[in-house]
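One letter stands for each residue in the lines below.
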Amino acid sequence: MAGSEIRAQIDGRTLKISNLEKVLYPVTGTTKGEVLDYYARVSPVLLPHLADRAVTRIRWPHGVQEASFFEKNVPAGAPSWLRTAEVPTTGSRGSSRNGDTLVFPIVDSVAALTYLVNLASLELHVHQWTVTKTGKPRNPNRLVIDLDPGEPAGLGECCEVALLVRDKLAERDLDASPVTSGSKGLHLYARLPAKLDPDGTTALAKEIAEELQAEHPNKVTAMMTKSRRSGKVFLDWSQNAGSKTTISPYSLRGREKPYVATPRSWAEVEEGAADPLAIDHCRFEEVLERVADQGDLFLSGA
């Protein structure tokens with residue numbers, strides 16, 4: 001029933017939950033209630049990866065076949081208990097309602113997660129840095145390389161290149177954790193033991209991308225020009241800039257179907273490199289089954 005509303009007690013907070021029957025993914029008939037249920041059930045493994053990170057949301061108020069919009073600032077009318085962080089906007093995308101800062105939500109509970117998802121925030125994007133208790137950004141604690149295939153390359157080619165990136169990271173004593181993005185490609189994360197600032201992590205990711213471009217020019221490109229990506233995998237090193245965000249592991253995507261950014265084992269990536277049909281993006285039902293069977297495959301602490 002359109003316009004329906006319930007009150008739910010979550011983490012000791014009373015939340016108004018509305019329009020549970022609204023279909024957000026028309027192709028699969030997935031409702032807002034199912035989306036809220038997914039996020040609540042996956043929260044034990046999702047929340048640690050959102051901890052102390054400013055969260056940018058992409059909202060689809062009328063479902064994924066309609067318009068969406070990015071939201072960085074805390075929504076108007078947000079509850080007073082929602083933790084926030086006031087972050088300088090230098091080099092960041094989007095306007096600020098606070099002059100030279102943005103006030104991001106910090107998702108530190110199921111209640112905070114449910115509040116934002118109830119606003120049709122399907123995608124949760126985070127930076128590679130965390131904030132202190134007072135909201136001050138720290139240096140990044142992880143590096144990310146986004147593997148973006150140019151048609152006709154696909155997820156199988158991303159798996160091939162991911163193995164090459166893993167070796168380059170290993171040469172630098174960094175362990176990588178793969179995540180199929182739920183969109184087109186694959187993300188590789190590496191926890192950073194050193195105190196590098198965003199410029200330093202960006203330079204490191206670019207160095208790896210350019211090395212692989214030189215060694216495998218028919219497979220890899222480090223160039224952002226889209227016309228140069230055809231049939232290759234673009235190693236997007238720029239996601240490490242202080243203002244950039246990537247989709248959080250376990251976040252839904254606003255695609256035609258309810259796919260999820262899904263942590264993977266390296267065995268799965270190796271299978272995908274050998275046979276592209278052996279790997280595909282996962283829907284939310286599959287992710288819940290994977291978590292129940294395997295726990296959190298994402299690199300602990302990254």
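A few points on the structure.

Calculation notes
- Residues numbered from 1 in each chain as written.
- Predicted model: local features only at pLDDT ≥ 70, side-chain atom pairs only at ≥ 80, totals over all residues.
- Heavy atoms only, no water.
- Helix = DSSP H or I, 4+ residues; strand = E, 2+ residues; numbered from the N terminus.
- Expected span 1.5 Å × (residues − 1).
- Buried < 20%, exposed > 50% of the residue type's maximum accessible area, 1.4 Å probe, protein only.
- Arc of directions from axis to C-beta.
- Contact = heavy atoms within 4.5 Å.
- Core = buried A, V, L, I, M, F, W, Y, C linked by side-chain atoms within 4.5 Å.
- Domains from an automatic or database assignment.
- Patch = residues over 30% accessible without salt bridge, like charges linked within 9 Å, V, L, I, M, F, W, Y side chains within 5 Å.
- Areas by Shrake-Rupley, 256 points an atom, 1.4 Å probe, with all protein chains shown as cover.
- Salt bridge = Lys/Arg side-chain N within 4 Å of Asp/Glu carboxyl O.
- Lys, Arg positive; Asp, Glu negative; His and termini not counted.
- Charge placed at Lys NZ, Arg CZ, Asp CG, Glu CD.
- Pairing = 2+ DSSP bridges.

1. As for helix H3 (residues 155-171)
Argument step 1. If you check H3, its first and last C-alpha atoms are 24 Å apart, about what 17 residues at 1.5 Å a residue would give, namely 24 Å.
Argument step 2. Of the residues one or two after H3, aspartate 173 is the one with positive phi, at around 60°.

2. A short note on unusual backbone geometry
Argument step 1. Here glutamate 151 and proline 152 are connected by a cis peptide whose omega angle stands at 5°.
Argument step 2. Residue position: proline 152 is located in the loop between strand E12 (142-149) and H3.
Argument step 3. A positive phi is found at asparagine 19, a non-glycine position, where the angle reads about 55°.
Argument step 4. Its place among the elements puts asparagine 19 in the loop between strand E2 (13-18) and strand E3 (23-25).

3. Observations regarding helix H4 (residues 198-215)
Argument step 1. In this model H4 runs 26 Å from its N-terminal to its C-terminal C-alpha over 18 residues, within 8% of the 26 Å that 1.5 Å per residue would give.
Argument step 2. Buried residues of H4: Thr201, Thr202, Leu204, Ala205, Ile208, Ala209 and Leu212, and no others. The buried residues of H4 occupy an angular sector of 160° when projected down its axis, which confines them to one face. Across H4 from its buried face, at more than 90 degrees, point the exposed residues Asp199 and Ala214.
Argument step 3. The elements touched by buried residues of H4 are strand E11 (137-140), E12, H3, strand E15 (220-221) and strand E16 (233-236).

4. Structural notes on the nonpolar core
Argument step 1. Judged by nonpolar contacts, the single largest core of 39 residues is most densely connected at Tyr38, Tyr39 and Val42.
Argument step 2. Mapped by element, the contributors of at least two residues to this core are strand E1 (5-10), E2, E3, helix H1 (32-50), strand E5 (55-59), helix H2 (110-117), strand E9 (121-126) and helix H6 (284-294).
Argument step 3. Among the elements that make up this core, the one with the highest residue count is H1 (nine residues).
Argument step 4. When residues of this core are sorted by domain, at least three fall in each of domain 1 (5-138) and domain 2 (139-294).
Argument step 5. Among all residues touching tyrosine 38, those that are not within four sequence positions of it are Tyr250, Leu252, Val260, Phe284, Val287 and Leu288.

5. Digging into a negative patch on the surface
Argument step 1. On the surface, Asp280, Glu286, Glu289 and Asp293 cluster together to form a negatively charged patch.
Argument step 2. Within the fold, aspartate 293 resides in helix H6.

6. Considerations on the sheet that holds strand E13 (residues 176-180)
Argument step 1. The strand order across the open sheet built from six strands is E15-E16-E12-E14-E13-E19, with neighbouring strands paired in mixed fashion. Because the sheet does not close on itself, it has two edges, and the strands there are E15 and strand E19 (262-263).
Argument step 2. As defined by bridge partners, E13 adjoins E19 across two bridges and the pair is classed as antiparallel. Note that in E19 the partner of valine 179 across the bridge is proline 263.

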